Amino acid sequence: MAGRSVVVGVGHYLPERVVPNAEFEKTLETSDEWIRTRSGIERRHFAAEDETTSDLATHAAQAALKDAGLEPEDIDAIVLATSTADLTFPSAATMVQARLGMTNGFAFDVQAVCAGFVFALSNANALILSGQAKRVLVIGAETFSRIMDWTDRSTCVLFGDGAGALVLEWQEGQGTSEDRGILATDLNSDGRYKDLLYVDGGVSTQSTGHLRMQGNQVFRHAVEKLSKTAEVALNQAGLTNDDVDWIVPHQANIRIIQGTAKKMGVPMDRVVVTVQDHGNTSAASIPLALSVGKNRGQIKPGDLIVTEAIGGGLAWGAVALRW
Ligand code: UT7
């Protein structure tokens, strides 16, 4: 017998305002055609002026709890992945905890930029397997629209706002890859690549800053590192790429998603793709895709899923799980 962290609920929230590519043609030297063909993005959601990351996260958390048929007091911990928390402190996670009316348990943020949700899932799994929590709400939530340089066409057309959440619960398994739940995780980072993707400001430098990215350089690392980390996680679970029912990738660029799937030998009809509708929502993209994939009827109980993501750091990783 072995304990597993099993997904018992999933939900998401997207801000009301939808911005199609054509909107950027009014202010920038760009086109719907360029954005579509280079990134696969057609539209994205932007948070309202008075809407913050913890607002989006709270809505997603409530949707996931409802899906799980659980109440906030049934949760022992909240792990929230974000690089765009409302305030310098306290954590967005504790703000969500209060908004849910939860006075028990503990909550904290995880910051690994676009790989944040994979890092949060892995940490939540560790909390569960070590007996520190029985049920964990794992959230990815971002308002990247707040750190865009609206004069930089190479970045501001790519990102969007949103949130997604999962409820993980300790359940007994057989200790085999047939078990439901998280089967293996693989985390990596290499801080030497800081200059490829960063925000040129922060608390200790006394500013908020804007996102800066050498997109084509990040692209070069992405396919290689994502296919490798997915394979490492799968192999650790005693599985191979052929066992995968769904790749649920970080949604940054359709060409990265296609390149990674191709390298893994997995056809695109086994990949959940939402990048056209959400753009790159950083740490929110994977839980958003899991939730949308489930609603579309793509992801079903028992399916073997591998999620993978890469972002600023560079930080990257993958989680193999059975839904
Ligand atoms: O989620 C975190 C990780 N981030 C990523 O995974 C993003 C990875 N990178 C990418 O998705 C792609 O590199 C981009 C979509 C950012 C760019 O695509 P690319 O094929 O790598 O293009 P590029 O950066 O090499 O730029 C090609 C050209 C440049 O013009 P020149 O120098 O060839 O004349 C850019 O100035 O496209 C130009 N360009 C644009 N043109 C029209 C850059 N942005 C735009 C734009 N509209 N919005």
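Here the structure is a predicted model, which means the values were calculated and not measured.

A separate point is the packing of helix 6 (residues 215-236) against helix 7 (residues 254-264). Two elements in contact, helix 6 and helix 7, have axes separated by 9 Å at closest approach and are oriented at 45°. What the angle tells us is that helix 6 and helix 7 run oblique. Note that helix 6 runs across helix 7; the crossing there is right-handed. Seen from helix 6, the contacting residues are Phe219, Ala222, Val223, Glu224, Leu226, Ser227, Ala230 and Leu234; seen from helix 7, they are Arg255, Ile256, Gly259, Thr260, Lys263 and Met264.

Partitioning the protein into domains gives domain 1 (2-173) and domain 2 (181-322). Taking only C-alpha atoms into account, the centre of domain 1 sits 14 Å from that of domain 2. Counting residues at the interface gives 53 residues for domain 1 and 48 residues for domain 2. Of all residues in domain 1, Cys114, Val118 and Ile147 bury the most surface against domain 2, accounting for 16% of the area lost on that side. Arginine 43 is paired through a salt bridge with aspartate 277; the nearest N and O atoms lie 2.4 Å apart. For the side of domain 1 that touches domain 2, the secondary-structure elements that each account for two or more residues are strand 1 (2-13), helix 1 (32-39), strand 3 (43-46), helix 4 (116-129), strand 6 (135-143), helix 5 (153-156) and strand 7 (161-173). Sorting elements by how many residues they give to the side of domain 1 that touches domain 2 places strand 1 first, with eight residues. Residues belonging to the side of domain 1 that touches domain 2 are distributed by class as follows: 25 nonpolar, 18 polar and ten charged.

Bringing the sheet that holds strand 1 into the picture now. With mixed pairing, five strands are arranged side by side in an open sheet as 1-7-6-4-5. Of all strands in the sheet, those with a lone pairing partner are strand 1 and strand 5 (106-110), marking the two edges. When strand polarity is set aside, the average angle formed by the axes of neighbouring strands in this sheet is 20°. Pairing analysis gives five bridges linking strand 4 (residues 77-81) to strand 5, with the strands arranged parallel. Opposite valine 79, over in strand 5, you have phenylalanine 108 as the bridge partner.

Turning our eyes to something else, we now look at the pattern of salt bridges. Enumeration according to the criterion identifies 15 salt bridges in this entry. Lysine 294 is the salt-bridge partner of aspartate 67, the closest N and O atoms lying 2.9 Å from each other. Of the two residues, aspartate 67 sits in helix 2 (residues 53-68) while lysine 294 sits in helix 9 (residues 285-295), which places them 227 residues apart along the sequence. Residue class for lysine 294 comes out partly exposed when judged on its relative accessible area of 29%. A salt bridge links lysine 194 to aspartate 195; the shortest N-O distance between them is 3.3 Å. Lysine 194 gets classed as partly exposed once you look at its relative accessible area, which sits at 46%. On the basis of relative accessible area, aspartate 195 is assigned to the partly exposed category, the value being 46%.

What follows covers helix 7. Taken residue by residue, helix 7 has Ile254, Ile256, Ile257, Thr260, Ala261 and Met264 as its buried positions. In a view along the axis of helix 7, the buried residues occupy a sector of 165°, so they form one face of it. The secondary structure elements touched by the buried residues of helix 7 are helix 1, helix 6, strand 11 (246-249), helix 8 (275-278) and strand 12 (304-311). The opening residue of helix 7 is asparagine 253, an N-cap whose side-chain oxygen sits 2.7 Å from the backbone nitrogen of arginine 255. Downstream of helix 7 by one or two residues, glycine 265 has phi in the positive range, about 70°.

A few words now on the site of the ligand. Taken together, 22 residues are adjacent to the ligand, and Thr30, Arg38, His250, Asn253 and Asn280 come closest. At 2.8 Å, a side-chain N or O of arginine 38 approaches an oxygen atom of the ligand. In the environment of the ligand, a nitrogen atom lies 3.0 Å from a nitrogen or oxygen atom belonging to the backbone of glycine 215. Out of a free accessible area of 960 Å², the ligand has 73% covered by protein chains. Of all the secondary structure elements, the ones that give two or more residues to the shell around the ligand are helix 1, helix 5, helix 6 and helix 7.

Cut-offs used in this document
Throughout, a residue's number is its position along its own chain's written sequence, starting from 1. A pLDDT threshold of at least 70 governs which residues receive local features in this predicted model, and a stricter bar of 80 or more applies before side-chain atom pairs are shown or counted, although totals over entire chains, interfaces and linings include all residues. Hydrogens and water are ignored here; the side-chain numbers use all heavy atoms of the structure. Note on geometry: axes are C-alpha line fits, over the in-contact stretch for helices, and angles between N-to-C directions span 0 to 180 degrees. Starting at the N terminus, helices and strands are each numbered in turn, a helix being any DSSP run of H or I of at least four residues and a strand any DSSP run of E of at least two. Oblique is the label for any angle not under 35 degrees, not over 145, and not in the 65 to 115 range, which are roughly parallel, roughly antiparallel and roughly perpendicular in turn. Crossing handedness is read from the near helix: turned anticlockwise from the far helix by less than a right angle, it gives a left-handed crossing, and turned clockwise, a right-handed one. The contact rule is simple, with two residues in contact once any of their heavy atoms fall within 4.5 Å. An automatic or database domain assignment supplies the start and end points of every domain. Buried area: the sum, over both parts, of the accessible surface (1.4 Å probe) that disappears when the two are put together. The term salt bridge refers to a pairing of a side-chain nitrogen on Lys or Arg with a carboxyl oxygen on Asp or Glu at a separation within 4 Å. Think of it as three bins: nonpolar holds Ala, Val, Leu, Ile, Met, Phe, Trp, Tyr, Cys and Pro, charged holds Asp, Glu, Lys and Arg, and polar takes everything else, Gly as well. By the convention used here, strands pair only if DSSP detects at least 2 bridges between them. Whether a residue is buried, partly exposed or exposed follows from its accessible area with a 1.4 Å probe, protein chains only, as a fraction of its type maximum: under 20%, in between, or over 50%, in that order. Here the arc refers to the set of directions running from the helix axis out to each C-beta atom. The definition of a polar contact used here is a pair of N or O atoms within 3.5 Å, where within protein one atom must be able to donate a hydrogen and the other to accept one, and adjacent residues in sequence count solely through side-chain atom pairs. Working definition: residue near molecule or strand if any one of its non-hydrogen atoms lies within 4 Å of it. All accessibility values rest on the Shrake-Rupley procedure with a 1.4 Å probe; residue burial counts only the protein chains present in the view.

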